[in-house]
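Listed below, chain by chain, are the residues.
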Amino acid sequence: MKRDWQAVIHTATIDTGTTKTASVNAATVNTFIHPTSTLDPSTPIPDTLNGRCPIKQAVLFIIKHTNAHNYFELFRIKKFQRMLQSNQKDIVGNLPRELSVKVLGFLRAPKTLARSALVNKAWYSAANDELIWKTLCHLRWSSKKNIEPQLHPRVDYTSLVPTLSVREIKEILKARKVDIRGLFDKSDLVKALLSSLPIHSPPQQGIQWSSHWKASFIIAELDAKRIILTKDELCNIEWEFRMKHWPEDVKSHAKFNTDYSYKSAMFQGEHSMKWRFYANDVQVEQYPALSISREKDWGVLMQNDMAIFHQPA
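Every chain is numbered on its own, with residues counted from 1 as its sequence reads. Note on the predicted model: pLDDT of at least 70 is required for a residue's local features to be given, and 80 or more for side-chain atom pairs to be given and counted; whole-chain, interface and lining totals, by contrast, use all residues. Hydrogen atoms and water are omitted, and side-chain values are computed over all heavy atoms in the structure.

(A) Representation of the overall build of the chain within the structure. The secondary structure content of the chain amounts to 12 helices and 12 strands. Each residue's exposure class comes from its accessible area (1.4 Å probe, protein chains only) as a fraction of the maximum for that residue type: buried when under 20%, exposed when over 50%, partly exposed otherwise. For the chain, buried positions account for 43% of its 313 residues. Note on definitions: a residue-residue contact is assigned when non-hydrogen atoms from the two residues lie within 4.5 Å. Long-range contacts, defined here as pairs at least 24 residues apart, represent 55% of the contacts in the chain between residues at least 6 apart. Accessible surface, the chain: about 17,500 Å² in total, of which carbon and sulfur atoms supply 54%. By the criteria applied, helices consist of DSSP H or I runs no shorter than four residues and strands consist of E runs no shorter than two, each listed in order from the N terminus. Note on areas: Shrake-Rupley with a 1.4 Å probe; residue coverage comes only from the protein chains shown.

(B) Highlighting the pairing of strand 9 (residues 281–284). Being paired, for any two strands, means DSSP has found at least two bridges between them. Judged from the 4 bridges that link them, strand 8 (residues 273–278) and strand 9 form a sheet pairing that is antiparallel. Residue pairing across strands places Phe277 opposite Val282, the latter belonging to strand 9. In textbook terms, the turn of a hairpin is the stretch between consecutive antiparallel strands, and for strand 8 and strand 9 this stretch comprises 2 residues, one of which, Ala279, has a positive phi near 60°.

(C) Representation of the sheet that holds strand 5 (residues 239–243) within the structure. Reading across from one edge, 9-8-7-6-5-12-11-10 is the order of the 8 strands in this open sheet, with antiparallel pairing throughout. If you trace the sheet from one side to the other, it starts and ends with strand 9 and strand 10 (291–294), each paired once. The sheet shows a mean angle of 30° between the axes of neighbouring strands, taken without regard to direction. To get an axis, fit a line to the C-alpha atoms, keeping to the stretch in contact for a helix; angles then go from 0 to 180 degrees between the N-to-C directions.

(D) View of the packing of aromatic side chains. Each pair of aromatic rings taken from Phe, Tyr and Trp, with Trp reduced to its six-membered ring, is defined by centres within 6.5 Å and is described as stacked if the planes are under 30 degrees apart, edge-to-face if over 60, and tilted in the remaining cases. Going through the model one piece at a time under the given rule, you end up with 11 aromatic pairs. Ring centres of Trp239 and Phe256 lie 6.3 Å apart, and the angle between their planes is 80°; this geometry places the pair in the edge-to-face category. Taken together, the residues Trp239 in strand 5 and Phe256 in strand 6 (residues 252–256) connect sequence positions 17 residues apart. Relative accessible area serves as the criterion here: at 0%, Trp239 is assigned to the buried category. We classify Phe256 as buried; its relative accessible area is 0%. Measuring from ring centre to ring centre gives 6.0 Å for Phe241 and Trp246, while their planes differ by 40°; the resulting arrangement is tilted. Owing to a relative accessible area of 3%, Phe241 belongs among the buried residues under this scheme.

(E) Local environment of the packing of helix 8 (residues 130–141) against helix 11 (residues 212–223). Interhelical geometry of helix 8 versus helix 11 gives an angle of 30° and a closest axis separation of 7 Å. Put simply, helix 8 runs roughly parallel to helix 11. The way helix 8 lies across helix 11 gives a crossing that is left-handed. Contacts between helix 8 and helix 11 involve Glu130, Trp133, Lys134, Leu136, Cys137, His138, Arg140 and Trp141 on the former and, on the latter, His212, Trp213, Lys214, Ser216, Phe217, Ala220 and Glu221. Just so you know the grouping, Ala, Val, Leu, Ile, Met, Phe, Trp, Tyr, Cys and Pro go in nonpolar, Asp, Glu, Lys and Arg go in charged, and all remaining residues, Gly too, go in polar. Taken together, the residues that form the contact of helix 8 with helix 11 break down as 7 nonpolar, 3 polar and 5 charged. Should an angle fall under 35 degrees it is taken as roughly parallel, and over 145 as roughly antiparallel, whereas 65 to 115 is taken as roughly perpendicular and any remaining angle as oblique. Left-handed is the label given to a crossing in which the near helix is rotated counterclockwise from the far helix by less than a right angle, and right-handed is the label when the rotation is clockwise.

(F) Seen up close, unusual backbone geometry. If you check the backbone angles, Lys177 has positive phi at about 60° while not being a glycine. Mapped onto the secondary structure, Lys177 falls in the loop between helix 9 (166–175) and helix 10 (186–194). With relative accessibility at 60%, the residue Lys177 sits in the exposed group. Even without a glycine there, the phi angle at Trp298 is positive, about 70°. Residue position: Trp298 is located in the loop between strand 10 and strand 11 (300–303).

This is how it looks when you write it as structure tokens:
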């Protein structure tokens, strides 16, 4: 169902920083209208543009204080300004695509972007732009564990194959630990891509993704709640652990090896124990199984009544 663009434009807000108290400077909106147009750095930024502000107000301010370098730019800016001041036209939908993407690119709330995409085709296209979602992914993932700044390997790319480059396919296969030696044609790489979706990936049957990075953002959020580890994931982590009766600042290190041996700094010499998967948990020797959970930073936490294991910072 389409949403009234006026309702969206007056309720949506632009997040101009990582926190609500972040301030806006001229660089934030520089070259908003045209690559050669600039916002005078001495232009005072009103308090309403600090932190969060209505889209319409921000765009009007940017256009008003943008320097035009020729009559054509001046005419275009004035035309946009008159259009924005009218309550009878679709503000974002009537802008050139690069400008509508710029405007919606200030939105930092994925739910707001998703609602904006329901207005009409122009809004849908701009709100699903790869650059917007790539930026959101990098901002969201920068403080998280177990995630790399690349297309997510657990996305089912079946509906996106025609838009993927060979380089992107190779990066995804590398993240999935697929051997691509001998795969020279794109058709061979695509076959490997479609047949190598990792186990325990979020269900995506029937979903027609519209953007690589939007799909990666959504799947990353779902995968961050996964509490089933693969053998490689468990063994690739250098674990910190402590017994629960120890002081909190006393920690040791442990390693789960691919040969199912477990070694800990608690023990001297070559002493090791055996580990195994017990249902969805991990068990070392005869000790109680370690239940798996996720932390706010997407790190993995394992614990039982005796000990607690977590990923180091």
